[in-house]
Amino acid sequence: MARLTIRHETRYLYERPVGFGLHRLLLRPRDSHATRVVEAHLTFSQQASTRWVYDALGNCVCLMTPQGRSTELSVVSELTIERFPAPLAPLRIDNPHTAMPIVYDRGDRTVLDPFIDPATDDPNGMLLDWVRAQAGGTYEPALDFLQRLNRYIHQHFDYRRRDEEGVQTPAFTVTIGSGTCRDFAWLMVEALRRLGYAARFVTGYLYSPRHSSVRGAGATHAWCEVFLPDLGWMEFDPTNGLAESADLIPVAVSRTPAEATPVSGVILGDPGRSELSIHVDVRPAETQMAVA
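Residues numbered from 1 in each chain as written. Predicted model: local features only at pLDDT ≥ 70, side-chain atom pairs only at ≥ 80, totals over all residues. Heavy atoms only, no water.

Turning our eyes to something else, we now look at the pattern of salt bridges. Under the defined criterion, the tally for this structure stands at 20 salt bridges. Here arginine 283 and aspartate 281 are joined by a salt bridge, their closest N and O atoms 2.8 Å apart. Residue class for aspartate 281 comes out partly exposed when judged on its relative accessible area of 24%. Several salt bridges share partner residues, and in doing so they unite Arg7, Glu9, Arg11, Glu72 and Glu78 into one network. (Salt bridge = Lys/Arg side-chain N within 4 Å of Asp/Glu carboxyl O. Buried < 20%, exposed > 50% of the residue type's maximum accessible area, 1.4 Å probe, protein only.)

Written out as structure tokens, the structure is:
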């Protein structure tokens, strides 16, 4: 078991005072057999009304409406969590439906259909051609293919940090050969859907030990989950080539990246120039206690 502390600060600065409408916060990690939230605190730059709900995918959502007008809005989430690592080990799966091409039983298929249907267009077939070129032959174990595709994106695409909101189309990411963690996650999700896999977009945090070479630390992170018969939802991080890693801390899952934005909402009035800054710090709880 590993105990980690997470501090996630989002700050908006506006040239002129604005009012605020409803904001949607996806900041609390998903409680599961692998993650337990021990403490959770939210702090805002001004008074705000809050209400907690679970959305249709089971994500924990804080609905927050700031009061008054201001030239600044900051949201600080401070968490202590416990992680229970279960590294991906060699698995012997006898179910023939876990080999290419993937087949889901009728009950699973009813639930998984929204995650199998692609959400983006591929008018020239570029994305389909690209993912077919990565696939092996018929009856290749699906898990072997997924791990190979995960490593391929990590090894052959250039990581470029981009502070602007939004995600590149998967076909554009293939064309330019570079992107952010969210671009690589979305590429893997949409490519796998074209081969009949159920895949979803995941946003959360990445624990990066000191002197680690992982990419995407210091901000929110994104990766891909794929559903396999007998194995369930499995995590793949093409940015770092990780699979089922204890360093991945999921907060929300969604069909598209737009549905997994950590902080989104409405401002009232003309803000003039605006500035957004985000900082995420994930560290062992013992380290933070020792520093204090």
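Alright, that's what it looks like, and here's the rest.
In this section: the nonpolar core. Core analysis: the biggest nonpolar cluster contains 37 residues, and Trp130, Leu192 and Tyr197 have the highest contact counts within it. Residue assignment for this core shows that the elements contributing at least two residues are helix 1 (106-116), helix 2 (126-134), helix 3 (142-156), helix 5 (181-193), strand 8 (198-206), strand 9 (221-228) and strand 10 (232-237). No other element matches helix 5, which puts nine residues into this core. Among all residues touching tryptophan 130, those that are not within four sequence positions of it are Leu149, Tyr152, Ile153, Phe157, Val174, Leu187 and Ala191. In this structure, Leu27, Phe44, Tyr205 and Val251 belong to the second largest nonpolar core, which totals 27 residues. (Core = buried A, V, L, I, M, F, W, Y, C linked by side-chain atoms within 4.5 Å. Helix = DSSP H or I, 4+ residues; strand = E, 2+ residues; numbered from the N terminus. Contact = heavy atoms within 4.5 Å.)

A few words now on the packing of aromatic side chains. As enumerated under the stated definition, the model contains ten aromatic pairs in all. Ring centres of tyrosine 12 and tyrosine 14 lie 6.4 Å apart, and the angle between their planes is 5°; this geometry places the pair in the stacked category. Taken individually, tyrosine 12 and tyrosine 14 each receive the classification buried, so the pair is uniform in this respect. When the ring of tyrosine 14 is compared with that of phenylalanine 20, the centres are 6.5 Å apart and the planes differ by 55°; the resulting orientation is tilted. Judged on exposure class, the residue tyrosine 14 and its partner phenylalanine 20 are both buried. (Phe/Tyr/Trp six-rings, centres within 6.5 Å; stacked < 30°, edge-to-face > 60°.)

Of note, glutamate 190 is situated in helix 5. Here threonine 120 takes part through its side chain, which lies 2.5 Å from a polar atom of the side chain of glutamate 190. Apart from the residues within four sequence positions on either side, glutamate 190 is in contact with Pro118, Ala119, Thr120, Leu127 and Pro170. (Polar contact = N/O pair within 3.5 Å; in protein donor to acceptor, adjacent residues only side chain to side chain.)

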